[in-house]
Each structure stands twice: as structure tokens, then as C-alpha cells.
Amino acid sequence: MIGVGLGRWLRAPSRPEASLEEVMDDAGLFVGWDGLSPMERKRRLALYQQRVLTRSAEQDRAWLQARMRECLAND
């Protein structure tokens, strides 16, 4: 029992959500993964998923804009 309490006390507290938004690289979201609570892991995975979907949407938009410019140039 004492070991569990001591382990929780010694473990670095999870970073607040605002600082996670400032983590620029995706790998930074997974630093210290083994020591995170299941809820914190879920929150970080959700943020990672949001970033991936945002990047994908930006790439799709750029591709569509390029195709539209090509079509307009060929008309």
C-alpha cells in the first residue's frame, strides 16, 4: 500500500491540456506513455487523432485547389 502511494507521489504530474496543445511534434504526446493514467492516454490519443485529421483535410484541400486551377487553366 505504501509503495503504491509513494509511486503516485513520485510520478511527475501529467501536463495540463493547454501545454499539450503547445507540443508541436506528435511524438511529444507519447512521452512518458507508460506512466500516464488511462484517461490521460485517451485524451492524448484524441488530440493525436485530431491533428492527423486536420493534416489530412489540409492536404485534401490543397490537392483539390490544384486540380481546380488545372481545370480552369485548361478551359
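Rules of the game
- Residues numbered from 1 in each chain as written.
- Predicted model: local features only at pLDDT ≥ 70, side-chain atom pairs only at ≥ 80, totals over all residues.
- Heavy atoms only, no water.
- Helix = DSSP H or I, 4+ residues; strand = E, 2+ residues; numbered from the N terminus.
- Contact = heavy atoms within 4.5 Å.
- Areas by Shrake-Rupley, 256 points an atom, 1.4 Å probe, with all protein chains shown as cover.
- Salt bridge = Lys/Arg side-chain N within 4 Å of Asp/Glu carboxyl O.
- Buried < 20%, exposed > 50% of the residue type's maximum accessible area, 1.4 Å probe, protein only.
- pLDDT = per-residue confidence, 0-100.
- Phe/Tyr/Trp six-rings, centres within 6.5 Å; stacked < 30°, edge-to-face > 60°.

A. Expanded view of the overall build of the protein. Along the protein, the regular secondary structure elements total three helices and zero strands. What you see in the protein, going N to C, is helices and strands ordered as α-α-α. Here the analysis covers contacts within the protein between residues at least 6 apart in sequence; of these, 46% occur between residues at least 24 apart. Accessible surface computed for the protein: about 6300 Å², of which carbon and sulfur atoms make up 62%.

B. Layout of the pattern of salt bridges. For the structure on display, the rule yields five salt bridges. Across the pair Asp26 and Arg55 runs a salt bridge, and its minimum N-O distance is 2.7 Å. Taken together, the residues span a long stretch of sequence, with Asp26 in the loop between helix 2 (17-22) and helix 3 (38-74) and Arg55 in helix 3 at a distance of 29 residues. On the basis of relative accessibility, which here comes to 37%, the residue Arg55 falls in the partly exposed class.

C. Molecular detail of the confidence of the model for the protein. Averaged over all residues, the pLDDT of the protein is 82; the fraction at 70 or higher stands at 73%. Predicted confidence in the protein is weakest over helix 1 (residues 2-10), with a mean pLDDT of 51, and strongest over helix 3, with 95.

D. Representation of the packing of aromatic side chains within the structure. Inspection of every chain in the model, using the stated rule, returns two aromatic pairs. Taken together, a centroid distance of 5.4 Å and an interplanar angle of 55 degrees make the contact between Phe30 and Trp33 tilted. Between Phe30 and Tyr48, the aromatic rings sit 5.5 Å apart at their centres with planes inclined by 75 degrees, giving edge-to-face as the arrangement. Of the two residues, Phe30 sits in the loop between helix 2 and helix 3 while Tyr48 sits in helix 3, which places them 18 residues apart along the sequence. Accessibility expressed as a relative area gives 32% for Tyr48, which makes it partly exposed. What links up through ring pairs into an aromatic cluster is the set Phe30, Trp33 and Tyr48.

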